[in-house]
Amino acid sequence: MPDNHDKMTDSKIIKGFSKLSKEAKMEWIIKEYLNNDAEAIDFLKSYWHPDKDKQKLHDEFIENTITNFYIPFGVAPNFKINDKVYCVPMAIEESSVVAASAKSASFWLQRGGFKAQVLSTIKIGHVHFAWYGKYERLKAFFDKVKHKLFEGTEELTANMRARGGGILDIELVNKSDLEPNYYQLMAKFETCDSMGANFINSCLEEFSKIFQAEMEVDDELNSDEKRIQVIMCILSNYTPECIVRSEVSCPIEQLTEGTDITPEKFCEKFEQAIHVAQIEPYRATTHNKGIFNGIDSVVIATGNDFRAVEACGHTYAARDGQYRSLTNVEVKDGIFRFWIDIPMALGTVGGLTKLHPMVSFAHKLLGNPNAEELMMITATVGLAQNFGAIRSLVTTGIQKGHMKMHLLNILNQLGATEEEKTQAAIYFQDKVVAHKDVVNYFCSLRGIESPDKVKK
Ligand code: MEV
């Protein structure tokens, strides 16, 4: 006999959940996980889009959708990149990120703007397989059938070739020093304005079929050498040959105008900060996290895969075996130069780009850039974000800027009115914003003992 605990656990398990209607899914969740909270359904529904068609579109982006999860969509104006000015869309939940980007953009707008270039655009994918024989024999077989891998995928690649892309090269890679019998077909691709995941994976799966079929009928390989185990066919999100660079530079005197720090001291501390992030992984992680505050928010707003972009950036940051800063600085002959080199596989066609209404809007706002232009914009926002963070860290400290938003968040949680928010902003102008102090101030404004007594 199952005890009560087992019974309880069992009812929390369900088969065929995905087949239930949206309403039935919500009802089941509320019954099993939210103590039949009567208000929960209305709460979830309150985040549905009032236009049924728009809601259906969002429902179908993923599986088991029950409602929408809002993230603010902000913009950072005044980004001058290669002499063109952008107002950059940013989707992010963290306060101060958009403000820091916008502030850096304005700062560099006065100093010539950002210069960006795409250094390379190659994407990579692998057929990972096990094979049991002498490498030289496999290599000879590969060289013989390599042209068939191109020919056998001609139909698949026709559209991409018409757009100027396609398969660039296929190599046999011997990994048997890492793992006995482990080899790869490593293919390089040009995917033009698409991120290319579906294209690459389809090509790889086709390579695998062709390679196995050719091996089966080859009359030079013996029966042992015909034994192949394809482990998997998958693109790599690490794209060290799909790199974008963005940089800024100016005479050092222009860096500290209107502040009380000297340009020399500022440069010295800035260089030290970057150096620390180069040699110390604890700092490098936070440093690069700040860069991705900017990058991810543009990647999300433009409907790209931020997990892929992050994973790739972090692997690149550790490419020499130690995790390091993605940005670099140089101060030479009185000129400050600050730059980022980062791999990034972005698309401006396919995926969510045309499907998600806000993503389409973001692309329009940027003037419908192609993939290379979007790479430059995105890397630039990462650089701007990092410049803003380092500048604050080595001068005023990071909290000063954060405090304004922190104050607003606490006041919003307390249900403060606009008038109360203005008063609080003045009061805390020259004070540290501690949660307890904000609550006390708010209570004193309302003449109450504690926020529980607030009448909303
Ligand atoms: C906070 O989200 C990001 C920073 O910590 C980045 C940094 O320290 O460079 C401010």
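If you're wondering where the values come from, they're calculated on a predicted model, not measured in any experiment. (Residues numbered from 1 in each chain as written. Predicted model: local features only at pLDDT ≥ 70, side-chain atom pairs only at ≥ 80, totals over all residues. Heavy atoms only, no water.)

**Topic: the pairing of strand β10 (residues 335-343)**
Inference 1: Within β10, seven of the nine residues are buried, leaving the element largely enclosed by the surrounding structure.
Inference 2: Note that strand β8 (residues 243-251) and β10 share nine bridges and pair antiparallel. Residue pairing across strands places E247 opposite W339, the latter belonging to β10.
Inference 3: For strand β9 (residues 327-332) and β10, the ladder comprises six bridges, and the chain directions are antiparallel. Directly across from V329, in β10, lies its bridge partner F338.
Inference 4: Where β9 folds back onto β10 in an antiparallel hairpin, the turn is made up of two residues, including D333, whose phi is positive at roughly 50°. (Buried < 20%, exposed > 50% of the residue type's maximum accessible area, 1.4 Å probe, protein only. Helix = DSSP H or I, 4+ residues; strand = E, 2+ residues; numbered from the N terminus. Pairing = 2+ DSSP bridges.)

**Here's the deal with a nonpolar patch on the surface**
Inference 1: There is a patch of nonpolar side chains on the surface, built from V75, M358, F361 and L365 and spanning about 310 Å² of accessible area.
Inference 2: Here the element with the most residues in the nonpolar patch is helix α12 (residues 357-365); it accounts for three residues.
Inference 3: Positionally, F361 belongs in helix α12. (Patch = residues over 30% accessible without salt bridge, like charges linked within 9 Å, V, L, I, M, F, W, Y side chains within 5 Å. Areas by Shrake-Rupley, 256 points an atom, 1.4 Å probe, with all protein chains shown as cover. Salt bridge = Lys/Arg side-chain N within 4 Å of Asp/Glu carboxyl O.)

**Let's talk about the sheet that holds strand β7 (residues 228-236)**
Inference 1: If you trace the four strands from one edge of the open sheet to the other, you get β5-β6-β4-β7, paired in antiparallel fashion. The outermost strands of the open sheet, each flanked by one partner alone, are β5 (166-174) and β7. Strand-to-strand, the axes of this sheet are offset by a mean angle of 15°, without reference to chain direction.
Inference 2: Pairing geometry for strand β4 (residues 123-131) and β7, over eight bridges, is antiparallel. Within β7, the residue paired with F129 across the bridge is V230.
Inference 3: In the packing of helix α8 (residues 197-217) onto the sheet, the strands contacted are β4, β5, β6 (182-190) and β7, and the crossing angle to β7 comes to about 160°. (Axes fitted to C-alpha atoms, helices over the stretch in contact; angles between N-to-C directions. Contact = heavy atoms within 4.5 Å.)

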